[in-house]
Amino acid sequence: MNEKKIAKVINAELAKMLENGFISEKQFESITDTVNKTAENFKQQDSTIEVIDERHVLFDSEVYTKSKQGYFFRNKPLHVSIYEYFHNIKVPKGYIIHHVDFNPENNDIENLQMVTAKEHHQIHNLPSHLKTKIFICQICGKTFSSLDSGKRCYCSTVCKRLADKENKRVEKVCVVCGRTFLASNKKTKCCSNTCRGKMSWDNESERKRYDLICQVCGKKYKSLRPYSKYCSRKCKDFKHHEEEKAERRRLKQNK
């Protein structure tokens, strides 16, 4: 329903009746005021976007379907219809309605801007770190603009600290290196996987070790592997060196 056209037709008919003397000027003014107010009320009712399902919305008594790019279309894009509806103009040829926050699903009138095709091309070809987007803080709900440098959740460091407290992150001291860190689990003891590995290695109760004797130096040592043969890398290299010398002697004798 186009309430503007209906009101325009009624006002034209009233003007003809005024010219022919069927109504007085006072009657003409009172009736036209009523018609214009009624049309404005209908406009306010139709100005909201009603969500039908994931792919369809209702605006101005017309159903728009969502495309793969995230835009809603009928005879024209939904954001263009919204801009023309609120500004009471038709978008001129060569101009494009741009989403300020680069989100095609955000069709609020404050987020729509009319620019030329050249300006629109320049805006969308800016590097991502130069594009300004609108974000909503997850703590205070405040909207703020920032450069598009990734996902932004909080408008300030204060809100970020509040978020850390809400997530129950507790400040703890690493039992291995002594560094302070934030942990979401109260049972956490180490600040990193490296320190966790060191703690696990030193804990006799967590890992079983075997009593063995080195085949080179005869020294007693403990190892996690029951088939270990050498107590150190030095003994292992010495054994391999001796085996290589023996192999070379054997090859000389065969010649």
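Residues numbered from 1 in each chain as written. Predicted model: local features only at pLDDT ≥ 70, side-chain atom pairs only at ≥ 80, totals over all residues. Heavy atoms only, no water.

## Side note on the overall build of the protein
Thinking step 1. In terms of regular secondary structure, the protein is built from seven helices and 12 strands.
Thinking step 2. The buried share of the protein, reckoned over its 255 residues, is 25%.
Thinking step 3. Put simply, the protein shows about 19200 Å² of open surface, and 51% of that area lies on carbon and sulfur atoms. (Helix = DSSP H or I, 4+ residues; strand = E, 2+ residues; numbered from the N terminus. Buried < 20%, exposed > 50% of the residue type's maximum accessible area, 1.4 Å probe, protein only. Areas by Shrake-Rupley, 256 points an atom, 1.4 Å probe, with all protein chains shown as cover.)

## What to know about the nonpolar core
Thinking step 1. Formed by Val57, Phe59, Tyr64, Phe72, Leu78, Val80, Ile82, Tyr83, Tyr85, Val91, Ile97 and Leu112, the largest nonpolar core amounts to 12 residues.
Thinking step 2. Within the residue set of this core, elements represented by two or more residues are β2 (56-59) and α3 (78-87).
Thinking step 3. A per-element tally of this core places α3 first, with five residues.
Thinking step 4. In this structure, Ile97 is in contact with His79, Val80, Tyr83, Val91, Leu112, Gln113 and Met114, ignoring residues within four places of it in sequence.
Thinking step 5. Judged by nonpolar contacts, the second largest core, of six residues, contains Cys174, Cys190, Cys191 and Cys195. (Core = buried A, V, L, I, M, F, W, Y, C linked by side-chain atoms within 4.5 Å. Contact = heavy atoms within 4.5 Å.)

## Here's the deal with the pairing of strand β9 (residues 170-173)
Thinking step 1. With four bridges connecting them, β9 and strand β10 (residues 180-183) associate as antiparallel partners. Bridge pairing in β10 places Glu171 opposite Leu182.
Thinking step 2. Hairpin remark: β9 followed by β10, antiparallel, with six residues in the connecting loop; positive phi at Gly178, about 80 degrees. (Pairing = 2+ DSSP bridges.)

## As for the sheet that holds strand β3 (residues 62-66)
Thinking step 1. Strand order in the open sheet made by the four strands is β1-β2-β3-β4, with antiparallel pairing throughout. Each edge of the sheet is formed by a strand with only one pairing partner; in this case those strands are β1 (50-51) and β4 (72-73).
Thinking step 2. Lying over the sheet, α3 contacts β2, β3 and β4, oriented at roughly 15 degrees with respect to β2. (Axes fitted to C-alpha atoms, helices over the stretch in contact; angles between N-to-C directions.)

## Let's talk about the layout of surface pockets
Thinking step 1. Considered as a void within the structure, the second largest pocket measures approximately 300 Å³ in volume.
Thinking step 2. Taken together, 15 residues form the lining of the second largest pocket, with Tyr221, Ser223, Arg225, Ser228 and Tyr230 sitting closest to its centre.
Thinking step 3. Elements represented by at least two residues in the lining of the second largest pocket include exactly β12 (220-223) and α7 (233-254).
Thinking step 4. Here the residues of the lining of the second largest pocket sort into six nonpolar, three polar and six charged. (1 Å grid on protein atoms, 1.4 Å probe; cavity = no way out; pocket = protein on both sides within 12 Å on 5 of 7 lines; lining within 4 Å. Points joined across faces, edges and corners; volume = space filled by probe spheres on them. Nonpolar A, V, L, I, M, F, W, Y, C, P; charged D, E, K, R; others polar.)

## Regarding the packing of aromatic side chains
Thinking step 1. Counted by the stated rule, this structure contains two aromatic pairs.
Thinking step 2. Ring centres 5.3 Å apart and planes at 70 degrees place the aromatic pair Phe59 and Tyr85 in the edge-to-face group. With Phe59 in strand β2 and Tyr85 in helix α3, the pair connects residues that are 26 residues apart, well separated along the chain. Of the two residues examined, Phe59 and Tyr85, each falls in the buried class.
Thinking step 3. Ring centres of Tyr85 and Phe86 lie 5.6 Å apart, and the angle between their planes is 75 degrees; this geometry places the pair in the edge-to-face category.
Thinking step 4. Residue classification places Tyr85 among the buried positions, given a relative accessible area of 6%.
Thinking step 5. With a relative accessible area of 38%, Phe86 lands in the partly exposed category.
Thinking step 6. An aromatic cluster of three or more residues is present, and its members are Phe59, Tyr85 and Phe86. (Phe/Tyr/Trp six-rings, centres within 6.5 Å; stacked < 30°, edge-to-face > 60°.)

## As for the side chain of His79
Thinking step 1. Tracing the chain through its elements places His79 in helix α3.
Thinking step 2. For His79, a relative accessible area of 8% puts it in the buried group.

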